[in-house]
Amino acid sequence: MKKYLFISMLLFPFSTYSQNNNKQVSFQPSLIDFGTIPNDTILTAKFVLENKTKNKIAINYVNPECSCTSYHVGKYMLNPKDTTYITLTINTAGKFGKQKIYTIVNYGKDETMKKLTIKCNVYEK
């Protein structure tokens, strides 16, 4: 039987800037650590994005590194001062030991990239 673990965290803002520093998008958080969990667990993490600029910003793509990861984006176009979220869902079946699973988010006209990270330590039940 699969266990489901859901964490939605709004921690201290982790900001990233584009190359010209005129566009600012806040990712809250950019890393979520689930700690030690049994294998065959479904992890769900919610990352909140905020457009702190006066311009619209598009999320161009989301690229998880692992086929064990699926994602959902609340909306791909952020108006000024708008927020959205990216939810990552990871299946830990077949995984053991310390895991760091990365997802790249590409956004804006200058195609700025941000890495979102999920950490966990998977043990066999």
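Coordinates for the structure precede this section.
As the structure is a computational prediction, the values presented were derived from the model and not from experiment.

1. Looking at the overall build of the chain
When its secondary structure is counted, the chain shows zero helices and eleven strands. Start at the N end of the chain and walk to the C end: the helices and strands fall as β-β-β-β-β-β-β-β-β-β-β. Each of the 125 residues in the chain was classed as buried or not, and the buried ones make up 44%. A separation of at least 24 residues holds for 62% of the contacts in the chain among residues at least 6 apart in sequence. Just so you have it, the chain exposes about 7000 Å², and 51% of that area is on carbon and sulfur atoms.

2. Here we look at the state of the cysteines
Summed over all chains, the structure comprises one disulfide. Here cysteine 66 is linked by a disulfide to cysteine 68, with a sulfur-sulfur distance of 2.5 Å. In this structure, the disulfide formed by cysteine 66 and cysteine 68 twists by about 130° around the S-S bond and is classed as right-handed. The pair cysteine 66 / cysteine 68 is uniform in exposure class, with both members buried. Cysteine 68 provides the cysteine sulfur closest to cysteine 120, a residue in no disulfide bond, and the two sulfurs are 8.9 Å apart.

3. Quick notes on the environment of lysine 115
Along the chain, lysine 115 turns up in strand S11 (residues 112-123). Expressed as a C-alpha distance, the spacing of lysine 115 and isoleucine 104, which sit eleven residues apart in the sequence, is 4.6 Å. Residues contacting lysine 115, with those up to four places away along its chain left out, are Ser30, Tyr102, Thr103 and Ile104.

4. Side note on the sheet that holds strand S6 (residues 57-64)
Read from one edge to the other, the open sheet built from five strands follows the order S4-S11-S10-S6-S8, with strand pairing classed as mixed. The sheet is open, and its two borders are formed by strand S4 (31-38) and strand S8 (77-78), each paired with just one other strand.

5. Some words on the packing of aromatic side chains
Each pair of aromatic rings is reported with the distance of its centres and the angle of its planes. Applying the stated criterion across every chain, the model contains one aromatic pair. One residue, lysine 46, lies across the ring of tyrosine 85, its end atom 4.6 Å from the ring centre.

6. Notes on the nonpolar core
Core analysis: the largest hydrophobic core is formed by 26 residues, its most contacted members being Phe34 and Ile86. For this core, the elements supplying multiple residues, two or more each, are strand S3 (24-28), S4, strand S5 (41-51), S6, strand S9 (83-91), strand S10 (97-107) and S11. The contact partners of isoleucine 86, leaving out residues within four places of it in the chain, are Ala45, Lys46, Phe47, Leu49, Val62, His72, Val73, Val105 and Leu116.

7. Things to note about the pattern of salt bridges
Under the criterion given, the structure shown has one salt bridge. Notably, a salt bridge pairs lysine 75 with aspartate 82, separated by 2.9 Å at the nearest N-O pair.

8. Focus on the pairing of S3
When you tally the buried positions in S3, you get four out of five residues, the bulk of the element. Two strands pair when backbone bridges link them, and S3 and S5 are joined in this way by four bridges, in the antiparallel orientation. Along S5, the bridge assignment pairs glutamine 28 with valine 48.

What counts as what
Just so you know, the residues in each chain are numbered from 1, in the order the chain's sequence is written. Local features are withheld for residues below a pLDDT of 70 in this predicted model, meaning they are given only at 70 or higher, and side-chain atom pairs are given and counted only at 80 or more; totals for whole chains, interfaces and linings count all residues. Water and hydrogen atoms were dropped before computing side-chain values, which therefore reflect all heavy atoms in the structure. For helices the rule is a DSSP run of H or I covering at least 4 residues; for strands it is a run of E covering at least 2, with both sets numbered from the N terminus onward. Think of it in three bands: with a 1.4 Å probe and only protein chains considered, a residue is buried below 20% of the maximum accessible area for its type, exposed above 50%, and partly exposed in between. Contacts were defined at the residue level, with two residues in contact if any of their heavy atoms lie within 4.5 Å. Every accessible area reported is derived by Shrake-Rupley at a probe size of 1.4 Å, with residue values counting cover from the shown protein chains alone. Cysteine sulfur atoms are paired as a disulfide whenever they come within 2.5 Å of each other. Strand pairing is assigned whenever DSSP detects at least two bridges linking the two strands. In this analysis, rings of Phe, Tyr and Trp, with Trp reduced to its six-membered ring, are considered paired at centre separations within 6.5 Å, and the interplanar angle assigns stacked below 30 degrees, edge-to-face beyond 60, and tilted for intermediate values. Whether a charge lies above a ring is judged from NZ of Lys or CZ of Arg, which has to be within 6 Å of the ring centre and within 35 degrees of the ring normal. In this text, buried Ala, Val, Leu, Ile, Met, Phe, Trp, Tyr and Cys residues form a nonpolar core when linked through side-chain atoms within 4.5 Å. We define a salt bridge as a contact between a side-chain nitrogen of Lys or Arg and a carboxyl oxygen of Asp or Glu at a distance within 4 Å.

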